[in-house]
Every structure is written in structure tokens, then in C-alpha cells.
Amino acid sequence: MWADTLYALEQGHLLRLGVWAAASIVGGTALLAWLTLRQVAAPLVRHFAIQTAAWGAVNAAIALWAWRGLTMRDFAGTQKLLSILWLNTGLDLGYAAVGLTLVIVGWQWERRMGAVGAGLGVVLQGLALALLDLRLILLIGPLR
């Protein structure tokens, strides 16, 4: 793969991450605003929205930071990128597993809807981030 092709793939990946981050921020904030304006006490939705907006803010910061450091990569740099992507994918799936644990525990122990909502938010973010990272891994393909 040529360095400029990989550079374009990384740019696309960071743009998709930025779009996901923006959608998370807007969606989470909109849900919180709606609950506040309607004066609705819905812990599940509230905690889901908080997780969504917070993860969106963190993802936006990561995308901006990574964009600033984006450079052309040689073979060793591409190998390093793939290692980081695989590590991130594992972490993302770990986040989803922690979120699922929070959902299960929140439901089993006194039906705590806030914990269920927060867990669902974490599951959604972890799976979405894993899919974004896996997409770039597949686009890069095997190194030769």
C-alpha cells in the first residue's frame, strides 16, 4: 500500500470518528435537554444520554489530537498503526463488556435504571468504536 493511500484511509477514519463524536454529543445533549424541558424523570434515558455525550466529547478530542499528528507512514509505521488499532479494538470490546456487565448488574440489583442506561450507553460506544477500528484494519489489509 502506498503511503498516500494509507494517509487518506487514516483521514477518512478520523473523519468518521469525528462524525460519530459529533452525533454522540448532539444526540446525548438533545436527550438531556428534552428530559429537562419536559421535566421527565427517566433515569435510564438520562444516564444513557450522559454517557453518550461524554463519550462523544472524549472521542472528539481524540480525533482532533490524532488529526494534528497525522503523517505519512512507512512500513514500520503502518505496522505500529495496525498494532494500535488491534489494541484499541480489544479495549473497545472490553468497554462494551463492562457496559453489558453494568446493564446486567443494574437490572438484577434493585432494577436501577440509571445503571442500565449508563451501561447501554457504554455498550453502544464500545461497539461503535470497535466497528470503526475494524473497518480501518480491513481497509489496510495484510501487510506484505
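Owing to the predicted nature of the structure, the values given are computational and were not obtained by experimental measurement.

A.B. asks: Mind laying out the overall build of the protein chain, listing which residues take part and the relevant values?
C.D. replies: Along the backbone of the protein chain there are four helices and zero strands. In the protein chain, the order of α-helices and β-strands from amino to carboxyl end is α-α-α-α. For the protein chain, the spread of C-alpha atoms along the three principal axes comes to 55 × 30 × 20 Å. A total of 144 residues make up the protein chain; the buried ones form 34% of that total. A sequence separation of at least 24 residues applies to 80% of the contacts in the protein chain between residues at least 6 apart. Of the roughly 8,700 Å² of accessible surface on the protein chain, a fraction of 71% belongs to carbon and sulfur atoms.

A.B. asks: Run through the pattern of salt bridges, naming residues and quoting values.
C.D. replies: Under the counting rule described, the total for this entry stands at one salt bridge. The residue glutamate 10 makes a salt bridge to arginine 73 at a minimum N-O spacing of 2.8 Å. Here arginine 73 lies in the loop between α2 (43-68) and α3 (75-108) and glutamate 10 lies in helix α1 (residues 3-38), a separation of 63 residues in the sequence.

A.B. asks: Residues and numbers for the confidence of the model for the protein chain, please.
C.D. replies: Per-residue confidence for the protein chain gives a mean pLDDT of 94, with 98% of residues at or over 70. Of all secondary-structure elements in the protein chain, the lowest mean pLDDT belongs to α3, at 95, while α2 reaches the highest, 97.

A.B. asks: Can you tell me about the layout of surface pockets, naming the residues and giving the values?
C.D. replies: Its volume calculated, the largest pocket comes out at about 670 Å³. In this structure, the largest pocket is lined by 25 residues; those nearest its centre are Leu14, Ile62, Ala66, Ile84 and Asn88. For the lining of the largest pocket, the secondary-structure elements that each account for two or more residues are α1, α2, α3 and α4 (113-140). Looking at the lining of the largest pocket, the element that brings in the most residues is α3, giving eight residues. Its residues placed into classes, the lining of the largest pocket shows 16 nonpolar, four polar and five charged.

Reading guide: rules and limits
Residues numbered from 1 in each chain as written. Predicted model: local features only at pLDDT ≥ 70, side-chain atom pairs only at ≥ 80, totals over all residues. Heavy atoms only, no water. Helix = DSSP H or I, 4+ residues; strand = E, 2+ residues; numbered from the N terminus. Buried < 20%, exposed > 50% of the residue type's maximum accessible area, 1.4 Å probe, protein only. Contact = heavy atoms within 4.5 Å. Areas by Shrake-Rupley, 256 points an atom, 1.4 Å probe, with all protein chains shown as cover. Salt bridge = Lys/Arg side-chain N within 4 Å of Asp/Glu carboxyl O. pLDDT = per-residue confidence, 0-100. 1 Å grid on protein atoms, 1.4 Å probe; cavity = no way out; pocket = protein on both sides within 12 Å on 5 of 7 lines; lining within 4 Å. Points joined across faces, edges and corners; volume = space filled by probe spheres on them. Nonpolar A, V, L, I, M, F, W, Y, C, P; charged D, E, K, R; others polar.

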